Each structure stands twice: as C-alpha cells, then as structure tokens.
Amino acid sequence: MREERGLSMSAFVAVVVLALLVVAGLVVDGGAQAVAARRAELVASAAARAAADETAAARLAGREPDAGVAIATAQRVLAGSGDVTGEVRLVAGRVRVSTTTTVEPVFLSLIGIQRLVGRGAAEADLVSNR
C-alpha cells in the first residue's frame, strides 16, 4: 500500500512540474513574442514614415510625389532593420508596410513550438489632402 502512495505522489509532482514549465513558457516566451511584435510594428512605422518624409518636399510644393522613390526608401529601412522582413505596397496614394519577425522560444520548444511570429503594419499618406 505504501508503494502505491509514492507512485501517485510522483505522478502528481511530474504533472505539477510540467504545468509550471508550460506557465513559465507562456510568460517568458509570450513576452518575447510581444517584444518581437512591438519591434515589427516599430520598423513598419519607421519605414512608412521614411517614405512619407522622402516625398514631403514634393507634397509641400504641390507636386505629385514620386511613389517609386518613396517605396525604395521604405524598402531601405526594412533592409537595414536586420531581423525584420516585410513588404511595401502603394495603395490609393498611401504607402503600406507589413513586417514580420520571428523569435525562438526558450520553454515552449520543450512542447514542440519551434518559433513564434511577431507582425506589424503601418501606413502613411503620400498625397496631400488638398
């Protein structure tokens, strides 16, 4: 009878330890994913802002901005960001930047999750509102 009690306690401890590892994974790796998403959002914002800034002089002068130059500027910002990838599109006079970055989990890799994705997006007007 005494041996059965020891086995049930061992199973209980194993389940509790596993649950604690999963909770730690959610906290630590979830935080890492939130940081990755924030970084992706910041890079997207920087790229969209750079595209708008590049065409600011033309817009202030009342000329049509060069969308190709704006897109190239946003792509340079994306290329210089390191671990963040993305795409730049021009839609109805607005530059739209979508970004993605990944982070490798520390604890959640123990249960088979090999990467976590952070996404961001931003847009900026390239045409004046006159």
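Look above for the structure.
Cut-off values and rules
Residues numbered from 1 in each chain as written. Predicted model: local features only at pLDDT ≥ 70, side-chain atom pairs only at ≥ 80, totals over all residues. Heavy atoms only, no water. Core = buried A, V, L, I, M, F, W, Y, C linked by side-chain atoms within 4.5 Å. Buried < 20%, exposed > 50% of the residue type's maximum accessible area, 1.4 Å probe, protein only. Helix = DSSP H or I, 4+ residues; strand = E, 2+ residues; numbered from the N terminus. Pairing = 2+ DSSP bridges. Axes fitted to C-alpha atoms, helices over the stretch in contact; angles between N-to-C directions. Contact = heavy atoms within 4.5 Å. Salt bridge = Lys/Arg side-chain N within 4 Å of Asp/Glu carboxyl O. Polar contact = N/O pair within 3.5 Å; in protein donor to acceptor, adjacent residues only side chain to side chain.

(A) Spatial organisation of the nonpolar core. By size, the foremost hydrophobic cluster in this structure holds 17 residues, and its most contacted members are Leu78, Val88, Val95 and Val97. Elements with a contribution of two residues or more to this core: α1 (2–54), α3 (67–79), β2 (94–103) and β3 (116–125). No other element matches the six residues that α1 contributes to this core.

(B) Spatial organisation of the sheet that holds β2. Here we have three strands laid out as an open sheet, ordered β1-β2-β3, and antiparallel in their pairing. Either end of the sheet is taken by a strand with one partner, and the two such strands are β1 (85–91) and β3. Neighbour-to-neighbour, the strand axes of this sheet turn through a mean angle of 15°, independent of strand direction. As judged from the seven bridges shared by β1 and β2, these two strands associate in the antiparallel manner. Considered in β2, the bridge of Val88 is made with Val97. Against the sheet, α3 engages β1 and β2, with an angle of about 165° to β1.

(C) Just the pattern of salt bridges, in detail. In this structure the tally under the stated criterion is five salt bridges. Ionic pairing is found between Asp83 and Arg39, a salt bridge with its closest N-O pair at 3.2 Å. Residue Asp83 is located in the loop between α3 and β1, and its partner Arg39 is located in helix α1; the two are separated by 44 residues in the primary sequence. Overlapping salt bridges bring together Arg94, Arg96, Glu123 and Asp125 as one network.

(D) Spotlight on the environment of Arg39. With relative accessibility at 34%, the residue Arg39 sits in the partly exposed group. In the structure, Arg39 is positioned 45 residues away from Val84 in sequence and 8.0 Å away in space, judged by C-alpha atoms. Here Arg39 is in contact with Ser81, Asp83 and Val84, once residues within four sequence places are set aside. Of note is the side chain of Arg39, whose polar atom sits 2.5 Å from the backbone oxygen of Ser81.

(E) Local environment of unusual backbone geometry. One non-glycine residue, Ala92, lies in positive phi territory at about 50°. For Ala92, the location among the structural elements is in the loop between β1 and β2.

(F) The arrangement of the environment of Ala46 in detail. Relative to the helices and strands, Ala46 resides in helix α1. Placed 37 residues apart in sequence, Ala46 and Met9 show a C-alpha to C-alpha distance of 55 Å.

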